[in-house]
Amino acid sequence: MKNFALKLLGLTGICLCLVAGYNYWNDTSGLYNQDFSVPRQEPDQHFVKVRYLLENPTKYDAYCFGSSRVGNIDLTKIEDGHRYYNMTYSEGLPEEWLADVKIMLKHQVTIKRILVGCDDFSFRVDPKMHESQYLRVPYKEDNLKTYLSFLLKVPSMPVRSSDKNSIYDIYSSGRPLHDFVDVEIEKNPEKHLAEMAAKPPTHYAGNYMEQTLDALRELKQICDANGIELIVFINPINHKTYMDTNKKEFNAFKAGLADITDYYDFSGLNDITTNDYYYYETSHYRPLVGDMMVHRLLDEPKELNTDFGRYVTRENVDTHIEFLQAQLAQ
């Protein structure tokens, strides 16, 4: 029995070494394979970006936090003296942004301005779920367990690299680069619109409203205490997804957000969100929309009367929600 146990232990050790070796050499997460110069599968952007910023604490001083949607905002076009980095990562949530900012400040990462892009699902997803999702595992102070878990996960067949994959510009802008998709759309916009007409809404369920607003409130307090300019906005939600979501809850989120900070609301039914030309599918808007958003956020007067990027405050939020409800009635 003793010899059997030793053999079994040795065999187990060999199997673990083989699994670890396979996962190391076929790493798509970016924890080990840190070459982001070529098209590849989406890495765990959340983890690798925070790690990169801690290694380069003074390279940037302004950051845009949000889900994968804000990845289509090209911050490199902004010429206002700040050095921008796009902190987009898959399904990014307010509690995660708060944790990231805390880690960054603790490690003396330079932060002068933060842009935050909220979504219709920002209060619908439990961030604890991401801790077990290899695409979304967050960076923590002690990451030994994370590194080991990626080495010892159940192996999967690697997806062959393709020029149809994005380049993840981790070491510069932070954006995923996929210009080839826009080129294809522009070749035949009518085909794109026809394909969009058949696409279903992007659906989310769940309600973590209280803890989400608490996280945003604490983020606002941290920014105020550290002299960081905070600019908050709600992403332009494609009309199919907007009509699918529970708008009573979404409006309650907007009212709660206005009690914390002023913000720009790009959602609702406007000339951009109702035109599928501006979207890849019913979740992600295209970079030309991101350019419009930057112009609205940083170039135009806050109080400008526009349906795309309405400026919302504690004083006018009720009127704003009435306006959104009137849109639906029309």
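Anything mentioned here points back to the structure above.
Rules of the game
- Residues numbered from 1 in each chain as written.
- Predicted model: local features only at pLDDT ≥ 70, side-chain atom pairs only at ≥ 80, totals over all residues.
- Heavy atoms only, no water.
- Helix = DSSP H or I, 4+ residues; strand = E, 2+ residues; numbered from the N terminus.
- Buried < 20%, exposed > 50% of the residue type's maximum accessible area, 1.4 Å probe, protein only.
- Lys, Arg positive; Asp, Glu negative; His and termini not counted.
- Salt bridge = Lys/Arg side-chain N within 4 Å of Asp/Glu carboxyl O.
- Contact = heavy atoms within 4.5 Å.
- Pairing = 2+ DSSP bridges.
- Axes fitted to C-alpha atoms, helices over the stretch in contact; angles between N-to-C directions.
- Parallel < 35°, antiparallel > 145°, perpendicular 65-115°, else oblique.
- Left-handed = near helix turned anticlockwise from the far one by under 90°.
- Nonpolar A, V, L, I, M, F, W, Y, C, P; charged D, E, K, R; others polar.

Colleague: Explain the side chain of aspartate 100 here, please?
Modeller: For aspartate 100, the position within the fold is in helix α3 (residues 94-106). Look at aspartate 100: it is buried, it has no salt bridge, and the nearest opposite charge is lysine 49 at 9.7 Å. In this view, aspartate 100 contacts His46, Val50, Phe65, Met87 and Tyr89; residues no more than four positions away in its chain are not counted.

Colleague: I would appreciate a short explanation of the pairing of strand β3 (residues 113-118) in the present structure.
Modeller: Two faces make up the sheet, and in a regular strand the side chains alternate between them. Of all 6 residues that make up β3, 6 are buried, and the element is covered over most of its length. With 5 bridges connecting them, strand β1 (residues 62-66) and β3 associate as parallel partners. Among the inter-strand pairings, alanine 62 is bridged to a residue of β3, identified as arginine 113. With 6 bridges joining them, β3 and strand β6 (residues 229-234) adopt parallel strand pairing. Following the sheet pairing, isoleucine 114 is matched in β6 by leucine 230.

Colleague: Any chance you could explain the pairing of strand β2 (residues 84-88) here in plain terms?
Modeller: Of all 5 residues making up β2, 5 are buried, and the element is well covered by its neighbours. Every second residue of β2 is oriented toward a common face, with Tyr84, Asn86 and Thr88 on one face and Tyr85 and Met87 on the other, all of them buried. Two strands pair when backbone bridges link them, and β1 and β2 are joined in this way by 5 bridges, in the parallel orientation. Looking across to β2, one finds that cysteine 64 is bridged to asparagine 86.

Colleague: Even after reading the chapter, I still don't get the side chain of threonine 146, so can you show me in this structure?
Modeller: Position of threonine 146 relative to the elements: it lies in helix α4 (residues 144-151). The buried category is assigned to threonine 146, whose relative accessible area is 10%.

Colleague: How should I be thinking about the environment of isoleucine 114 in this particular structure?
Modeller: Note on placement: isoleucine 114 falls in strand β3. Expressed as a C-alpha distance, the spacing of isoleucine 114 and tyrosine 63, which sit 51 residues apart in the sequence, is 5.0 Å. Apart from the residues within four sequence positions on either side, isoleucine 114 is in contact with Tyr63, Phe65, Val101, Cys223, Ile228, Glu229, Leu230 and Ile231.

Colleague: Quick question: what am I supposed to make of the packing of helix α9 (residues 247-258) against helix α11 (residues 317-329) here?
Modeller: When two helices pack together, their arrangement is given by the angle between their axes and by how far apart the axes lie. Two elements in contact, α9 and α11, have axes whose closest approach is 10 Å; the angle formed by their N-to-C orientations is 160°. Between α9 and α11, the angle is such that the two are roughly antiparallel. Both α9 and α11 take part in a crossing whose hand is right-handed. Between α9 and α11, the residues in contact are Lys247, Asn251, Lys254, Ala255 and Ala258 and Val317, Ile321, Leu324, Gln325 and Leu328, respectively. Residues that form the contact of α9 with α11 fall into these classes: 6 nonpolar, 2 polar and 2 charged.

Colleague: Before we go on, may I ask you to explain the pattern of salt bridges in this structure?
Modeller: Should their charged atoms come close, side chains of opposite charge can pair. Here the structure, examined in full by the defined rule, presents 21 salt bridges. Put simply, arginine 83 and aspartate 61 hold a salt bridge, and the shortest N to O gap is 3.7 Å. Here the residue arginine 83 occupies a position in the loop between β1 and β2, and aspartate 61 occupies one in the loop between α2 (45-55) and β1, the gap between them amounting to 22 residues. Looking at arginine 83, the relative accessible area reads 37%, which means it is partly exposed. Residue class for aspartate 61 comes out buried when judged on its relative accessible area of 2%. Across the pair arginine 314 and aspartate 259 runs a salt bridge, and its minimum N-O distance is 3.2 Å. Placement of the pair is arginine 314 in the loop between β8 (310-312) and α11 and aspartate 259 in the loop between α9 and β7 (263-265), with a sequence separation of 55 residues. Judged by its relative accessible area of 43%, aspartate 259 is partly exposed. A single salt-bridge network, built from bridges that share partners, covers Arg69, Asp119 and Asp120.

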